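Chain by chain, the residues run as shown.
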Amino acid sequence: LQGHRAYMARCYDACIVMIARAFEHLLKGLLRTRSVAYSQKATLGQLVELYRTKVNNDKVLEKILEVANMDRIISAHDVEPYDRQMQAEDANHAWTALEIVLRELLPRT
C-alpha cells in the first residue's frame, strides 16, 4: 500500500524502498513456512542469502536482487555516478519484479 501511494505521488525512490520492504516481509513469511530460522532484524541482503541457501529459486532471486540493487543505490550511494533519483521506469521495473515473484511463490488455484 505504501509503495502504491508513493508511486501515485511520483515519489519513485520511496516506492522502490517500499517494494524492497515488501520483499523482506515476503521472504520472512516464506522462510517461516519452511522452518528456516532468521533474525527479526535481518536485512533484505541477509534474507536473500538465507533464501539462496535454503530454498533457491533462481527466477525469484533474480527479481529480488534487481530491486535490492535499486534500493541499495537509493539508500547507500551518494557519489557520482550512482547518486540519482529513481524514475517512473525504475519503479515500474520494481513493480514488475514484485509481480513475477508473487506469481512464482503464491500457490496457483
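Note that the coordinates shown come from a computational prediction; the quantities given were computed from them, not determined experimentally. (Residues numbered from 1 in each chain as written. Predicted model: local features only at pLDDT ≥ 70, side-chain atom pairs only at ≥ 80, totals over all residues. Heavy atoms only, no water.)

Trainee: Would you mind going over the overall build of the protein chain with me for this structure?
Mentor: Regarding its fold elements, the protein chain presents five helices and zero strands. Ordered by position from N to C terminus, the α and β elements of the protein chain give α-α-α-α-α. Compactness check: the protein chain gives a C-alpha radius of gyration of 14 Å against a globular reference of 13 Å for 109 residues, within 12% of the reference. In terms of principal-axis extent, the alpha carbons of the protein chain reach across some 40 × 35 × 25 Å. In the protein chain, which comprises 109 residues, the proportion classed as buried is 37%. A fraction of 57% describes how many contacts in the protein chain between residues 6 or more apart in sequence connect residues 24 or more apart. (Helix = DSSP H or I, 4+ residues; strand = E, 2+ residues; numbered from the N terminus. Rg over C-alpha atoms; globule rule 2.2 N^0.38 Å. Buried < 20%, exposed > 50% of the residue type's maximum accessible area, 1.4 Å probe, protein only. Contact = heavy atoms within 4.5 Å.)

Trainee: Just to check I follow, could you spell out the environment of Asn57 for this structure?
Mentor: Within the secondary structure, Asn57 sits in the loop between α3 (44-54) and α4 (58-76). The exposure class assigned to Asn57 is partly exposed, which follows from its relative accessible area of 23%. Considered as a pair, Asn57 and Ala97 are 40 residues apart in the sequence and their alpha carbons are 14 Å apart. Setting aside anything within four residues of it in sequence, one finds Asn57 in contact with Tyr51 and Glu104. Within the structure, Asn57 has its side chain in polar contact with the backbone nitrogen of Lys59 (distance 3.1 Å). (Polar contact = N/O pair within 3.5 Å; in protein donor to acceptor, adjacent residues only side chain to side chain.)

Trainee: What should I look at first to understand the packing of helix α2 (residues 12-33) against α3 in this one?
Mentor: Helix-helix packing: each pair is described by the crossing angle between the helix axes and the interaxial distance. The N-to-C vectors of α2 and α3 enclose an angle of 40°; their axes lie 10 Å apart at closest approach. When you trace α2 past α3, the crossing you get is left-handed. Of the residues in α3, those touching α2 at Ala20, Phe23, Glu24, Leu27, Lys28, Leu30 and Leu31 are Leu44, Leu47, Val48, Leu50 and Tyr51. (Axes fitted to C-alpha atoms, helices over the stretch in contact; angles between N-to-C directions. Left-handed = near helix turned anticlockwise from the far one by under 90°.)

Trainee: Before we go on, may I ask you to explain the packing of aromatic side chains in this structure?
Mentor: The relative placement of two aromatic rings is captured by the distance of their centres and the angle of their planes. One pass over the full model with this rule turns up one aromatic pair. A centroid spacing of 5.5 Å and a plane angle of 65° characterise the contact between Tyr7 and Tyr12, whose relative ring orientation is edge-to-face. You can call Tyr7 partly exposed: its relative accessible area is 21%. (Phe/Tyr/Trp six-rings, centres within 6.5 Å; stacked < 30°, edge-to-face > 60°.)

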